[in-house]
2 protein chains.
Amino acid sequence: MSTKDRLLGYLKESKGDWVSGELLSRRIGITRSAIWKNISKLREEGYVIESSPNKGYSLSKISEMLLPNEIREGLDTEIFGRGEIIHFRETDSTNARAKELAIQGAPEGTLIVSETQTKGRGRKGRTWFSPSEAGIYASLVLRPNMPPNEAPRITFVTAVSAAETLLALTSLEVAIKWPNDILVNNKKIAGILTEISAEMDAIDYMVVGLGMNVNNPHLPDDIEEKATSIFIETGKRFPKVRIVREYLRRQEKYCRILRDSGFEPILMRWKELTNTIGKRIMVEMIDKRYTGVVQDVDQEGVLILQDEKGAFHRILSGDVTFV
Amino acid sequence: MSTKDRLLGYLKESKGDWVSGELLSRRIGITRSAIWKNISKLREEGYVIESSPNKGYSLSKISEMLLPNEIREGLDTEIFGRGEIIHFRETDSTNARAKELAIQGAPEGTLIVSETQTKGRGRKGRTWFSPSEAGIYASLVLRPNMPPNEAPRITFVTAVSAAETLLALTSLEVAIKWPNDILVNNKKIAGILTEISAEMDAIDYMVVGLGMNVNNPHLPDDIEEKATSIFIETGKRFPKVRIVREYLRRQEKYCRILRDSGFEPILMRWKELTNTIGKRIMVEMIDKRYTGVVQDVDQEGVLILQDEKGAFHRILSGDVTFV
């Protein structure tokens, strides 16, 4: 454990009470000026630490950033987030970083988080609005032992995990919109971007990106009708780190269920959480669009739509609008 | 065009006749010593160029390496091999290099070739024996506009292209073994390794690797019963560059047919070239194996096997042994 982490540990232990620099210096075995340097580092990381010449130091607020140590604290997973957690103040896209690491052999459960993304991406190269410190931008490296055609199952796993995370931690009414959006009040609060690298036989690696609007006080004009944040819905700031821990826990749980019991239990839970079945929708694909009523999502995750003329369509992927 | 290439052009024009250094020097507009330096470079690239103080230079043999200029000469494709062709004397794996380039945005048709591979790969991380200058190790970057579940179609396209290339240029009897081997006399002469990077909706890029045993005089003990080369089958060395050109031409043609007319014509041609339908085989997958008779390969490229008890199995991928 680094000096900085030990110092933070002592400050956390004292729960907001003052700790003298002398005591810290003796306990950690470093000079007073080294204490001061490490306090500065912690402040740069977003910890609010008060100091007084007479009383010493007091931690009044932990960092709001998704720092690896904060994520690990109380994280009760076995694999996800147990190995490397890599934190960026800013990066182009956490999925891009995760793919680079995966190519270099990063094991399952490696997590990449960033406070902001300069090229946050959604499906089909669309942008994902990623303002600094307001949202969660997290990408997980997975190495499931499955053929590539089963990869969409992981998007279902992730949607269930993200939706359950919001249900567990907030009072919001959450719904999954096929294929990969999480809605609150019919507005997008989180999105999933699943990317794979595979041979025909087997997946080499998968990267599952989760973008979630958490503490955004408002959203840009062009998306505010279609998107929302936890803050907008509840009026309260929410600790992002709790969301990430809860998400990792559920993601690991449902990945294990998928591996041990197959897709059926995932799909069952997904159907309880979706708002898409039974609805009248328009779905747009690359080369065509259909309007009709969603009959079901089948065993392969394919949307079954019945159009106005009564014809059934199997839709692998597309953009859904409720009409 | 570089000085070296212009020099090579003049030597090729004179078709083995002697050309004086003085004439070359005048035509290209460089000194006699610059001519000599470029002759040395060409020799390093494998061109056999004789020199005589009185007569000058004579090109007696073009390089046996897969040099970009040699591949381009007479290549009548529109896209494949028209942009960048990257040649290595040695690399770990042409597929690995191609993936790196694809991530950086290399366009469709970019070709990577190497004289030898230190980590030549087959399916499922198996090695592909890649001795220096004996075989073709070529990887093509593709960017097909298709959902990832249709990616296996490209393996069928490649198998047809590789098999037809051998049929067009040699007198060998060639057969495709499902899913991705090219056989001569029931021995493997070429293999295909298809890798994709995709979102759930769309393929970002594909890399199609082709490994072919061409001028290998013999093969290592551990594979010689199961593998062969053009040299072993015909007793003749074969210019690799002709094979690569022919392969690029057919690969482009069948990719275009797939795009414009769908999978049906590809599958029809594939079925004419395969030896797998109607055969009794054992197929081994990750977690199980079946023995039975191959009934068909369906519209999705899936093998339909009927086992001893009459039950049908749909097999997406596996290792096939004729029994």
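Keep in mind that what you see is a predicted model, and the values were worked out from it rather than measured.

Residue and element names in this part refer to chain A. If you trace the five strands from one edge of the open sheet to the other, you get β13-β12-β11-β10-β14, paired in antiparallel fashion. A strand with exactly one partner marks an edge of an open sheet, and here the two such strands are β13 (312–315) and β14 (319–322). Averaged over all pairs of adjacent strands, the angle between strand axes in this sheet comes to 45 degrees, irrespective of strand direction. One ladder, built from four bridges, connects strand β10 (residues 280–284) with β14; its direction is antiparallel. Within β14, the residue paired with Glu 284 across the bridge is Asp 319.

So, about unusual backbone geometry. A cis amide bond links Trp 178 of chain A with the next residue in sequence, Pro 179 of chain A, at an omega value of 0 degrees. With respect to the element layout, Pro 179 of chain A can be found in the loop between β6 (174–177) and β7 (181–184). The backbone of Asn 185 of chain A shows a phi angle near 50 degrees, a positive value even though the residue is not glycine. Summarising the element assignment, Asn 185 of chain A is placed in the loop between β7 and β8 (187–199). With a relative accessible area of 57%, Asn 185 of chain A lands in the exposed category. For Lys 15 of chain B, which is not glycine, the phi dihedral falls at a positive 45 degrees. Summarising the element assignment, Lys 15 of chain B is placed in the loop between α1 (3–13) and α2 (21–28).

A separate point is the packing of aromatic side chains. Residues and elements named next belong to chain A. Applying the stated criterion to the full structure yields six aromatic pairs over all chains. Judged by centre distance (6.4 Å) and plane angle (35 degrees), the ring pair of Trp 36 and Tyr 57 falls under tilted. Separated by 21 residues along the polypeptide, Trp 36 in helix α3 (residues 32–44) and Tyr 57 in strand β2 (residues 56–61) bring together distant segments of the chain. Take Trp 36: its relative accessible area is 40%, and that puts it in the partly exposed class. An aromatic cluster of three or more residues is present, and its members are Phe 156, Phe 263 and Trp 270. Lys 279 extends its terminal NZ or CZ atom over the ring of Phe 322, reaching a point 4.9 Å from the ring centre.

This part takes up the relation of the copies chain A and chain B. What connects the two chain copies is a rotation about an axis and a shift along it. When chain A is fitted onto chain B, the two copies agree to an RMSD of 0.0 Å after a turn of 180 degrees and an axial shift of 0.0 Å. The superposition operator between the copies reduces to a two-fold rotation axis. In terms of C-alpha distance to the rotation axis, chain A has Ser 197 of chain A as its closest residue, with the C-alpha 2.2 Å off the axis.

Residues and elements named next belong to chain A. One can read the domain layout of chain A as domain 1 (3–61), domain 2 (68–273) and domain 3 (280–322). Taking only C-alpha atoms, the centre of domain 2 and the centre of domain 3 are 25 Å apart. The partner domain 3 presents 15 residues to the 14 residues of domain 2 that form the contact. Summing both sides of the interface, domain 2 and domain 3 together bury roughly 1200 Å²; the carbon and sulfur share of this comes to 52%. By the criterion of area lost to domain 3, the three top residues of domain 2 are Lys 177, Trp 178 and Lys 271, representing 46% of everything that side buries. The interface formed by domain 2 and domain 3 includes three salt bridges. Taking the shortest distance from any N to any O, the salt bridge between Arg 123 and Asp 319 comes out at 3.3 Å.

Residue and element names in this part refer to chain B. Along the chain, Phe 80 turns up in the loop between α4 (68–72) and β3 (85–88). The exposure class of Phe 80 is buried, given its relative accessible area of 2%. Spatially, the C-alpha atoms of Phe 80 and Leu 140 are 7.9 Å apart, while their sequence positions differ by 60 residues. Look past the residues within four positions of Phe 80 in its chain and what remains in contact with it is Leu 75, Glu 108, Gly 109, Leu 140, Leu 142, Leu 248, Gln 251, Glu 252 and Cys 255.

Calculation notes
- Residues numbered from 1 in each chain as written.
- Chains lettered and ligands numbered in written order.
- Predicted model: local features only at pLDDT ≥ 70, side-chain atom pairs only at ≥ 80, totals over all residues.
- Heavy atoms only, no water.
- Pairing = 2+ DSSP bridges.
- Helix = DSSP H or I, 4+ residues; strand = E, 2+ residues; numbered from the N terminus.
- Axes fitted to C-alpha atoms, helices over the stretch in contact; angles between N-to-C directions.
- Buried < 20%, exposed > 50% of the residue type's maximum accessible area, 1.4 Å probe, protein only.
- Phe/Tyr/Trp six-rings, centres within 6.5 Å; stacked < 30°, edge-to-face > 60°.
- Lys NZ or Arg CZ within 6 Å of the ring centre and 35° of its normal.
- Least-squares fit on C-alpha atoms with pLDDT ≥ 70 in both.
- Domains from an automatic or database assignment.
- Contact = heavy atoms within 4.5 Å.
- Buried area = accessible area lost by both parts, 1.4 Å probe.
- Salt bridge = Lys/Arg side-chain N within 4 Å of Asp/Glu carboxyl O.

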